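Here are the chains, one letter per residue:
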Amino acid sequence: MKLDFATVLTDAWTLFKRDRDLLLRIAAPFLFLPAFALALVVPDPPMPDAAAGNSEAQAMVWADAVQTWAAAHGGWYLLAYVMSFFGTSLFYALYLDRDQLDLRGSLTRCLRIFPRFLLAMVIVSLPAGAGLLLYAIPGLYILGRTMLTGPALFAEAPLGALGAIRRSLALSRGAGLPLMGLAAFSYISGWLVGAPFMMADRALREGGRPIRSRWRSSMPVQRSPRWRQGSRWP
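Residues numbered from 1 in each chain as written. Predicted model: local features only at pLDDT ≥ 70, side-chain atom pairs only at ≥ 80, totals over all residues. Heavy atoms only, no water.

Peer 1: What is the right way to look at the overall build of the protein chain in this model?
Peer 2: Secondary structure assignment for the protein chain yields 8 helices and 0 strands. What you see in the protein chain, going N to C, is helices and strands ordered as α-α-α-α-α-α-α-α. Each of the 234 residues in the protein chain was classed as buried or not, and the buried ones make up 26%. Intrachain contacts of the protein chain at a sequence separation of at least 6 include 67% that bridge at least 24 residues. When the accessible surface of the protein chain is split by element, carbon and sulfur atoms take 67% of a total near 16400 Å². (Helix = DSSP H or I, 4+ residues; strand = E, 2+ residues; numbered from the N terminus. Buried < 20%, exposed > 50% of the residue type's maximum accessible area, 1.4 Å probe, protein only. Contact = heavy atoms within 4.5 Å. Areas by Shrake-Rupley, 256 points an atom, 1.4 Å probe, with all protein chains shown as cover.)

Written out as structure tokens, the structure is:
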């Protein structure tokens, strides 16, 4: 398999311009709204306190806090991920069906294949997530090699979850590094697009002084050349 990075991006942009009305209608409820709702109403999972040291007691306290948080909010995270996976699978059903189904037909086919797609995504996410947490590059490589799992499920049906993963590994043989680059591009692009929203969310949660005041207070104070002791700042 040969992969031209620039051609992939050009083709994706061409498809988006052609079908942007339909794509945005699908992306809004299945991709954007679940993530936005999580950021808006669900608190972040507790993080370990670096200042508290690495004692076993502190680790137990943090583990209990994570367990309490998961019991209270983990279901919402699970629902958001399932909705985002369904939206992704609906894109595959729209573009990869041999009969060029309309939206209603694609929804029907997506509902039929989605359980296998969800299982395949869970299987892929376990090693990929571990790789991202450890050194990032192994996780991105796994994401790249398994990137064709979803397309294989819809384009070469009937396939099971494990069969689709094996098919993705076979199709991506020899193109691991370009696909890793594509996965890294998607990962970093998603982070850059979401960064302004996360900054705005952090600013709104802080409260207190306005954003402009906090920004000005963080800037270094420079003295004017005309400053003299006892006079006011210019």
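From this point on, the discussion continues.
Peer 1: It is not clear to me how the packing of helix α3 (residues 103-134) against helix α4 (residues 137-145) should be interpreted in this structure. Could you clarify?
Peer 2: Between two packed helices, both the angle of their axes relative to each other and the distance between the axes serve to describe the pair. One way to put it is that α3 packs onto α4 with a least axis distance of 6 Å and a crossing angle of 150°. In this view, α3 runs roughly antiparallel relative to α4, as classed from their interaxial angle. For the pair α3 and α4, the contacting residues are Pro127, Ala128, Gly131 and Leu132 in the first and Pro138, Gly139, Leu140, Ile142 and Leu143 in the second. Residue composition of the contact of α3 with α4, grouped by class: 7 nonpolar, 2 polar and no charged. (Axes fitted to C-alpha atoms, helices over the stretch in contact; angles between N-to-C directions. Parallel < 35°, antiparallel > 145°, perpendicular 65-115°, else oblique. Nonpolar A, V, L, I, M, F, W, Y, C, P; charged D, E, K, R; others polar.)

Peer 1: Any chance you could explain helix α6 (residues 161-171) here in plain terms?
Peer 2: Within an α-helix, residues lying three or four positions from one another point in the same direction, as the helix has 3.6 residues per turn. Among the residues of α6, those classed as buried are Ala161, Gly163, Ala164, Ile165 and Ser168. Of the surrounding elements, those touching the buried residues of α6 are α3, α4 and α5 (149-155).

Peer 1: It is not clear to me how the pattern of salt bridges should be interpreted in this structure. Could you clarify?
Peer 2: Per the stated rule, a full pass over the model turns up 3 salt bridges. The salt bridge partner of Asp19 is Arg18, with a shortest N-O separation of 2.9 Å. Given a relative accessible area of 18%, Asp19 falls into the buried group. On the basis of relative accessible area, Arg18 is assigned to the exposed category, the value being 59%. (Salt bridge = Lys/Arg side-chain N within 4 Å of Asp/Glu carboxyl O.)

Peer 1: In this structure, what is going on with the side chain of Arg145? I would like to understand it.
Peer 2: Mapped onto the elements of the fold, Arg145 is located in helix α4. The buried charged residue Arg145 lacks any salt bridge partner; its closest oppositely charged side chain belongs to Glu156, at an N-O distance of 14 Å. Side chain to side chain, Arg145 and Ser172 meet in a polar contact 2.7 Å long. (Lys, Arg positive; Asp, Glu negative; His and termini not counted. Polar contact = N/O pair within 3.5 Å; in protein donor to acceptor, adjacent residues only side chain to side chain.)

Peer 1: What is the right way to look at the packing of α3 against α6 in this model?
Peer 2: It is the contact of α3 with α6, at a shortest axis distance of 8 Å, that shows an interaxial angle of 60°. Here α3 lies oblique to α6, going by the angle between them. Between α3 and α6 lies a crossing of right-handed hand. Counting all contacts with α3, which are made through Arg116, Leu119, Ala120, Ile123 and Val124, the residues of α6 involved are Ala161, Leu162 and Ile165. Residues of the contact of α3 with α6, tallied by class, amount to 7 nonpolar, no polar and 1 charged. (Left-handed = near helix turned anticlockwise from the far one by under 90°.)

Peer 1: I keep staring at the environment of Leu33 and nothing clicks. Help me out?
Peer 2: Counting through the fold element by element, Leu33 comes out in helix α1 (residues 5-41). Each C-alpha atom of the pair Leu33 and Ser84 lies 9.3 Å from the other, and the pair is 51 residues apart in sequence.

Peer 1: Would you explain the packing of aromatic side chains in this entry?
Peer 2: Here the distance between the centres and the angle between the planes together describe a pair of aromatic rings. Taken as a whole and judged by the stated rule, the model has 10 aromatic pairs. With 5.5 Å between their ring centres and 15° between their planes, Phe32 and Phe36 make a pair best called stacked. Of this pair, Phe32 and Phe36 both sit in helix α1, 4 residues apart, which is roughly one turn of that helix. Here Phe36 falls in the partly exposed class, since its relative accessible area comes to 41%. Taken together through their ring pairs, the aromatic side chains of Phe30, Phe85, Phe86, Tyr92, Phe114, Phe117 and Phe154 make up a single cluster. (Phe/Tyr/Trp six-rings, centres within 6.5 Å; stacked < 30°, edge-to-face > 60°.)

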